[in-house]
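Given next are the chains, with one letter for each unit.
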Amino acid sequence: MKLNIALLAGDGIGPEVINQAVKVCDALAEKYNHEINWKPALTGAAAIDAVGDPYPDETHAICANSDAVLFGAIGDPKYDNDPSAKVRPEQGLLRMRQKLGLFANVRPTFTFPSLIDKSPLKRERIEGTDLVFLRELTGGIYFGKRGREDDGDTAYDTCTYTRKEIQRLAKKGFEMAEKRSKRLCCVDKANVLESSRLWRETVQAMEKDYPEVKVSYEFVDAVAMRLVQWPSDYDVLITENLFGDILTDEASVISGSMGLMPSASIGEKIALYEPIHGSYPQAAGKDIANPLATVLSAAMLFDGFNLSEEADAIRKVVNKSLSEGIVTEDLSEGGRAYKTSEVGDWLASHI
Ligand code: IPM
Ligand code: MG
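Quick caveat, the model's predicted, so the values are computed rather than measured.

**Examining the overall build of the protein**
The helix and strand inventory of the protein stands at 14 helices and 12 strands. The C-alpha atoms of the protein give a radius of gyration of 20 Å, which matches the 20 Å a tight globule of 351 residues would have. Seen through its C-alpha atoms, the protein measures out along the principal axes to roughly 50 × 50 × 40 Å. Each of the 351 residues in the protein was classed as buried or not, and the buried ones make up 53%. The contacts of the protein with a sequence gap of at least 6 include a subset with a gap of at least 24, amounting to 74%.

This is the structure in structure tokens:
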């Protein structure tokens, strides 16, 4: 297969982890006779520094004309500490999600047998966890009307959803649940929020089209608690943008490290693959960040083209690196801490 992949390294550790994913994909392409044409483009703080815009038109054109996007990380502390900054790296990510129509963010949470004791949660609680969040990504409070009242002392952000937006996300959730263990949880705050009541009403009306799927409706605060208490109770969870942002960080604790969790953001035409972690600026340039979340995001990319043998080859080599202790310092615990680039080289050579 011939693939044109836009390569958006972004900020902080983004370039380092992306480089490892590229090495692994190139090794895989050689082995399975694919041709990957990488198209690097600027985004985030790196793009602000270069051209004053975190998601330049040129980058958008490259993404829109590619078969998929592989993305590193975005964010720079020089903007976090300046509430008056007019342009922010994160705006680039949000604009990219919106302009590419990436409405469904797929964030799986699973455990790695060799890492189960790295999780702060008890083994018996998390063993066998295999759940997936479908987070709505282009609506809600992230994109609602926001501002300040004239007095400057009052600020507001609004959460708006249309039935259509809920339906297209829920459809993906139902379809995914059908292929998995047929359980779907709709996470909302319908006891308080009107937008959540529309979510519930919309999902309830869709139930009849998916008779095999058993749907539960739970409030987000209760899910936040039960998720770390009884993660195996869940299979597919659908939720709105902000709830999904918060719960997926929480869920990453189950796997033992945020440096392990991949994600896919899917639209009608194109999909983007990225680790769920941020730009980890303290580690930037030190060659110490864990590249596995990005490498596993690349596995999801191959899945996206129905190249499941290739995707499994990546997952297999990642599992091998974990069980053989070829890991970065976040997971090395007394053993040798490998450099980011060493882990990438090891993975590529074992493909
Ligand atoms: C994520 C991140 C982003 C989000 C930030 C960087 C804007 O936290 O992808 O989860 O809030 O969506
Ligand atoms: Mg987040």
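**A word on the site of ligand 1**
By nearness alone, every residue bordering ligand 1 is listed as Glu90, Leu93, Arg97, Arg107, Arg135, Tyr142 and Asp245. At a separation of 2.7 Å, an oxygen atom of ligand 1 approaches a polar side-chain atom of Arg97. Contacts to ligand 1 include Arg135, whose side-chain N or O atom sits 2.8 Å from an oxygen atom. For ligand 1, the accessible surface in isolation is 320 Å², of which the surrounding protein chains cover 77%. Element by element, the count of residues in the shell around ligand 1 is highest for helix α5 (residues 89-99), at three residues. A class-by-class count of the residues in the shell around ligand 1 yields two nonpolar, no polar and five charged. Mapped onto the domain boundaries, the shell around ligand 1 takes at least three residues apiece from domain 1 (1-110 + 257-351) and domain 2 (120-255).

**Points about the sheet that holds strand β10 (residues 236-239)**
Within the open sheet, the 10 strands sit side by side as β2-β1-β3-β12-β11-β4-β5-β10-β8-β9. Their pairing is mixed. Two strands bound the open sheet, and with one partner strand each, they are β2 (35-40) and β9 (214-219). Strand after strand, the sheet turns through a mean of 25° between neighbouring axes, direction not considered. Pairing of strand β1 (residues 2-10) with strand β3 (residues 68-73), which is carried by five bridges, proceeds in the parallel orientation. Directly across from Ile5, in β3, lies its bridge partner Ala68. The strands touched by α5 are β1, β3, β4 (104-110), β5 (130-136) and β12 (271-275); relative to β12, the strand with the most contacts, the crossing angle is about 150°.

**Considering the pattern of salt bridges**
When the charged atoms of two side chains lie near each other, side chains of opposite charge can form a pair. Following the criterion strictly, the structure yields 22 salt bridges and no others. The shortest N-O distance in the salt bridge between Arg135 and Asp245 comes to 3.7 Å. One end of the pair, Arg135, is in strand β5; the other, Asp245, is in helix α10 (residues 241-255), and 110 residues separate them in sequence. Residue classification places Asp245 among the partly exposed residues on the basis of a relative accessible area of 25%. Each of the salt bridges in this network shares a partner with another, and the network as a whole consists of Asp117, Arg123 and Glu127.

**A few points about unusual backbone geometry**
In the Ramachandran plot, Asp287 falls in the positive-phi region, its phi being about 60° despite a non-glycine side chain. Positionally, Asp287 belongs in the loop between β12 and α11 (292-304). The backbone of Glu333 shows a phi angle near 40°, a positive value even though the residue is not glycine. Among the structural elements, Glu333 can be located in the loop between α13 (329-332) and α14 (340-350).

**A few points about the packing of helix α9 (residues 220-229) against α10**
One way to put it is that α9 packs onto α10 with a least axis distance of 9 Å and a crossing angle of 10°. As judged from the angle between their axes, α9 and α10 are roughly parallel. Residues Val220, Val223, Ala224, Leu227 and Val228 of α9 pack against Phe243, Leu247, Glu250, Ala251 and Ile254 of α10. Partitioned by chemical class, the residues of the contact of α9 with α10 number nine nonpolar, no polar and one charged.

What counts and how
- Residues numbered from 1 in each chain as written.
- Chains lettered and ligands numbered in written order.
- Predicted model: local features only at pLDDT ≥ 70, side-chain atom pairs only at ≥ 80, totals over all residues.
- Heavy atoms only, no water.
- Helix = DSSP H or I, 4+ residues; strand = E, 2+ residues; numbered from the N terminus.
- Rg over C-alpha atoms; globule rule 2.2 N^0.38 Å.
- Buried < 20%, exposed > 50% of the residue type's maximum accessible area, 1.4 Å probe, protein only.
- Contact = heavy atoms within 4.5 Å.
- Near = heavy atom within 4 Å.
- Polar contact = N/O pair within 3.5 Å; in protein donor to acceptor, adjacent residues only side chain to side chain.
- Areas by Shrake-Rupley, 256 points an atom, 1.4 Å probe, with all protein chains shown as cover.
- Nonpolar A, V, L, I, M, F, W, Y, C, P; charged D, E, K, R; others polar.
- Domains from an automatic or database assignment.
- Pairing = 2+ DSSP bridges.
- Axes fitted to C-alpha atoms, helices over the stretch in contact; angles between N-to-C directions.
- Salt bridge = Lys/Arg side-chain N within 4 Å of Asp/Glu carboxyl O.
- Parallel < 35°, antiparallel > 145°, perpendicular 65-115°, else oblique.

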